[in-house]
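A closer look at the structure
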Amino acid sequence: MDPRYIRNFSIIAHIDHGKSTLADRLLEFTGAITSREKRDQFLDSMDLERERGITIKAAAVRLWYRAADGREYLLNLIDTPGHVDFSYEVSRSLAASEGVLLLVDASQGVEAQTLANAYLALENNLEIIPVLNKCDLANADPDKTAEEIREILGLDPSTAIRASAKTGQGIEEILEAIVNRVPPPRGRSTDPLKMLIFDSWFDPYVGTVVMIRVLAGSVHRGQRILLMATGKTYEVYQLGVFNPYATPVESLSAGEVGFLTATIKNLADAMIGDTITDALNPTPTPFPGFKKIKPMVFSGFYPVDPGDYGRLKEALEKLRLNDSSFTYEPETSAALGFGFRLGFLGLLHLEIIKERLEREYELSLLATAPTVVYKVVTTRGEEIWVDNPLKLPPWGKIEHLEEPLVRVEIHTPAEYLGNILSLCEDRRGRQVEIRFFPNQKALIIYEMPLNEILMDFYDQLKSLSRGYASMDYEMLGYRASALLQMDLMVNGEPIDALSVIVHKDKAYRWGRELTERLQKIIPRQMFEVVIQAAIGSRVIARERVAPLRKNVTAKCYGGDITRKRKLLERQKEGKKRMKQIGKIQIPQEAFLAVFGMR
Ligand code: GTP
C-alpha cells in the first residue's frame, strides 16, 4: 500500500464527550459497518465497557474513504483508553498515529482529560484536529469552546470543526480534514522491519493477538520476528486487519496498522510499547519510549464463601490470559482465610478486575485496602519490598521504611488554585513550582507520595476544580518516610486483614475514621464490643458497640431494689463469660465498608 494514501489517527476526548459515538459514525459513513449491522458503539466491545462508558482496550479499525480529490484513502482509526491509569497505553496508541481528533463536547468545554490527552498528542508531535461535538444540543456553545481551545492549548480556533456525532453533522468535513491535515506515515518499506506494539490481548482461539503499527520495512506470514524487550523470537502465523471484522492479509508494510499472531504463548511477552523487528535482519534501535508496565497498587482478594477459592484461582488464571498487566499470588489471612494478592496499574484497574471476577465468574469477593509497594531497610542493611502490611518484618528489625514518590503535574484554571494547593498539602505534598499562563491557567508541580494520590486524589481534584483540572504523574523513586503500621483490634484481638501502613501524621485521623466506621457496622451483641486502632501497643483510637441489654428487671415493677441489683449483677457475669468465650463474628460488610474507604 502506497503510504501517501494512508492516514493513521486516534480520537482523544474527555470521558462522555462522544468518542465512541463519533467512531461509530465514521465507520458508518465510510461503509465499514451498515446501520443495520451497527451495534451501539462498535469499538467498545466488552459489556463492561459499555456499561461503565469507559474504553479499556485500544483497538484499530480500517476505513476506506474516497475523498473530495477523487482518491481513495486508507484511514486507520486507532482507539485509545480514557483514564489516567492507562495513560501509558494511550501514549503508545498515539505513537502509532500521525494525527488526532481532539473531541470536545461543546456544551461542556475543555475538561481535565481533554488537556491530559492533548498534551500527550503534543508530546508525540501529532497533528491535532479540534472537533467541537454535540453542536445539536441547545446549550452547546461552540464559539466559547473554540476560544478555550485557543487559550488553553494554543490551537488555532479557526481549524476546529463543528460537529454532532449524533446527527452526523460535520462527519464529512472531519474525514476531509484527516486526509488533508494529518500527514501520511513516514518510514521506508525497504528498511529493516520495525513495528510498534500498541495493544495485545489473548484470544481463546488464536492465542496472543498483537496490534502493530509498521514503522519501517514490511512483515509477511511465516517471517521470523524478534521482540526486542524480551529478546525472544517467533514465527508470524497470521497477519490481518480489522475492517471492522478481522480479515487476513499476506503482508503489512511501512505505515500500515494491523494485527499478528505468532507462536507467542504468554501474553506477558507481547508488551505494549515493545518493538518487533526481523530476527534475521534486525533494526539497530528499538522505537523509543518503551516502559515495562509494573503494578503499582496491591490488594488482597478473598472469596466471601471460602469454598469458592478454587473457582477464584481458575478465574484469575483465565483473566490473566487477557490482561497481563495485573499480577497475583496466593496469600492467607487469619481473618479472611485463603485468597490472593493482586497487583494493578491503578485503582480503576483494580475495580475493573474485581468487577469482571464478580460479574463474569459470579464470584463474591472481599478486597483488602489497596496499598503501594514499600521498601524496608532492615537493621542488617537488607532491602525488602513489601506490598502487604502483614509482611512487614518485626519493628525491632526495621531500620527505616521508604515509600514511592511521584512528581505530579496539575493543570488548572487559576481560580481553583487555592483549593488544589490545600489538597496537595493535605496529601503530604512538597511544592516544586507553580507557573501561571496568560489564559488564567496555572501549572502546579508537586512531589507527593504515590500512596496519597492513589486513594481518591483524582476524584477530589476533579470535584474541587469542577472537572477542569487535569493531572499526570511520573515515578521519582523511593524516599524515607515516617511510616507506621496500624492494627485494628476487636475486643483486643488484632484483625490481620485490617492492618494498614500509614504516615505518622495521619495515623490518628485514620485510626479515628476506621474505628468509627467499624462501630457503625458491627452489630450490637449481648456483650460490649470494643474496637481499637493501635500502633504497636499504643491504642490511638477507641470506639465501643454497646451491648444489647436483656431487660431482666422489667418484671420487677419498681419493687425491691436489691433484687434488681442482683439480677443486673447476674447479667453482668453472663456478659463477662460471653466476652471470654465468645468470639465475635465481624460481618462481612464490615470489611467491605472499611475497604471502601477512600
Ligand atoms: P467514554 O467511552 O466514556 O470515553 O465516552 P465517549 O467519549 O466514548 O462517549 P460516548 O460516545 O459514549 O457518548 C457519551 C454520551 O453522549 C452518549 O449518551 C451519547 O449518545 C452522547 N453523544 C455523543 N455524541 C453526541 C452528539 O453529538 N450529540 C448529542 N446530543 N449527544 C451525543
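Preceding this section is the structure that the text describes.
Here is a short report on the structure shown in this document. (Residues numbered from 1 in each chain as written. Predicted model: local features only at pLDDT ≥ 70, side-chain atom pairs only at ≥ 80, totals over all residues. Heavy atoms only, no water.)

**Notes on the nonpolar core**
Leu357, Ile410 and Phe457 are the most contacted members of the largest nonpolar core, which has 48 residues in total. Domain assignment of the residues forming this core places at least three in each of domain 3 (297-369) and domain 4 (374-481). Beyond its immediate stretch of four places on either side in the chain, Leu357 contacts Phe301, Leu312, Ala315, Leu316, Leu319, Glu362, Leu363 and Leu365. Counting 30 residues, the second largest nonpolar core, distinct from the first, contains Ala13, Leu75, Ala163 and Ile174. (Core = buried A, V, L, I, M, F, W, Y, C linked by side-chain atoms within 4.5 Å. Buried < 20%, exposed > 50% of the residue type's maximum accessible area, 1.4 Å probe, protein only. Domains from an automatic or database assignment. Contact = heavy atoms within 4.5 Å.)

**A look at the pairing of strand β10 (residues 224-227)**
Side-chain direction in a regular strand flips from residue to residue, so the side chains alternate between the two faces of the sheet. Bridging between β10 and strand β11 (residues 232-242) involves four bridges; their strand directions are antiparallel. If you follow Leu227 over to β11, its bridge partner there is Lys232. Hairpin connection between β10 and β11: a loop of four residues separates the two successive antiparallel strands, and Gly231 in this loop has a positive phi of roughly 75 degrees. (Pairing = 2+ DSSP bridges. Helix = DSSP H or I, 4+ residues; strand = E, 2+ residues; numbered from the N terminus.)

**Topic: the pattern of salt bridges**
With the rule as written, the count across this model stands at 32 salt bridges. For the salt bridge of Lys375 with Glu383, the shortest nitrogen-to-oxygen distance reads 3.6 Å. A relative accessible area of 13% places Lys375 in the buried class. With a relative accessible area of 48%, Glu383 lands in the partly exposed category. One network of salt bridges, in which partners are shared, links Glu329, Glu331, Arg341, Asp387 and Lys391. (Salt bridge = Lys/Arg side-chain N within 4 Å of Asp/Glu carboxyl O.)

**Considering the packing of helix α7 (residues 309-322) against helix α8 (residues 347-360)**
Each pair of packed helices can be described by the angle between their axes along with the distance between the axes. Running from amino to carboxyl end, α7 crosses α8 at an angle of 125 degrees, the nearest separation of the two axes being 11 Å. One finds that α7 runs oblique with respect to α8. Remark: the crossing between α7 and α8 carries right-handed chirality. Of the residues in α8, those in contact with Leu312, Ala315, Leu316, Leu319 and Asn322 of α7 are Ile353, Arg356 and Leu357. Taken together, the residues that form the contact of α7 with α8 break down as six nonpolar, one polar and one charged. (Axes fitted to C-alpha atoms, helices over the stretch in contact; angles between N-to-C directions. Parallel < 35°, antiparallel > 145°, perpendicular 65-115°, else oblique. Left-handed = near helix turned anticlockwise from the far one by under 90°. Nonpolar A, V, L, I, M, F, W, Y, C, P; charged D, E, K, R; others polar.)

**A word on the sheet that holds strand β6 (residues 161-162)**
Taking strand neighbours across the sheet as the criterion, the six strands line up as β2-β3-β1-β4-β5-β6 in an open arrangement whose pairing is mixed. Edge strands, defined here as strands with exactly one partner in the open sheet, are β2 (60-66) and β6. Alignment of strand β4 (residues 99-105) against strand β5 (residues 127-133), held across seven bridges, turns out to be parallel. Counterpart to Asp105 in the pairing with β5 is Asn133. Across the face of the sheet, helix α6 (residues 171-181) comes into contact with β1 (6-13), β2, β3 (72-78), β4, β5 and β6 while running at roughly 175 degrees to β5.

**Examining the sheet that holds strand β16 (residues 297-303)**
Each strand in a sheet pairs with its neighbour through backbone hydrogen bonds, running either in the same direction (parallel) or in the opposite one (antiparallel). In space, the four strands of this open sheet follow the order β17-β18-β16-β19, with antiparallel pairing throughout. Where the open sheet ends on each side, the last strands, each with one partner, are β17 (327-333) and β19 (365-367). Along the sheet, successive strands turn relative to each other by an average axial angle of 30 degrees, direction set aside. Pairing of β16 with β19, which is carried by three bridges, proceeds in the antiparallel orientation. Looking across to β19, one finds that Phe301 is bridged to Ala367. Each of β16, β17, β18 (337-344) and β19 is contacted by α7, which is oriented at about 15 degrees to β18, the strand it contacts most. Those strands touched by α8 are β16, β18 and β19, and its axis lies near 20 degrees from that of β16.

On their own, these measurements won't tell you what the molecule is for.
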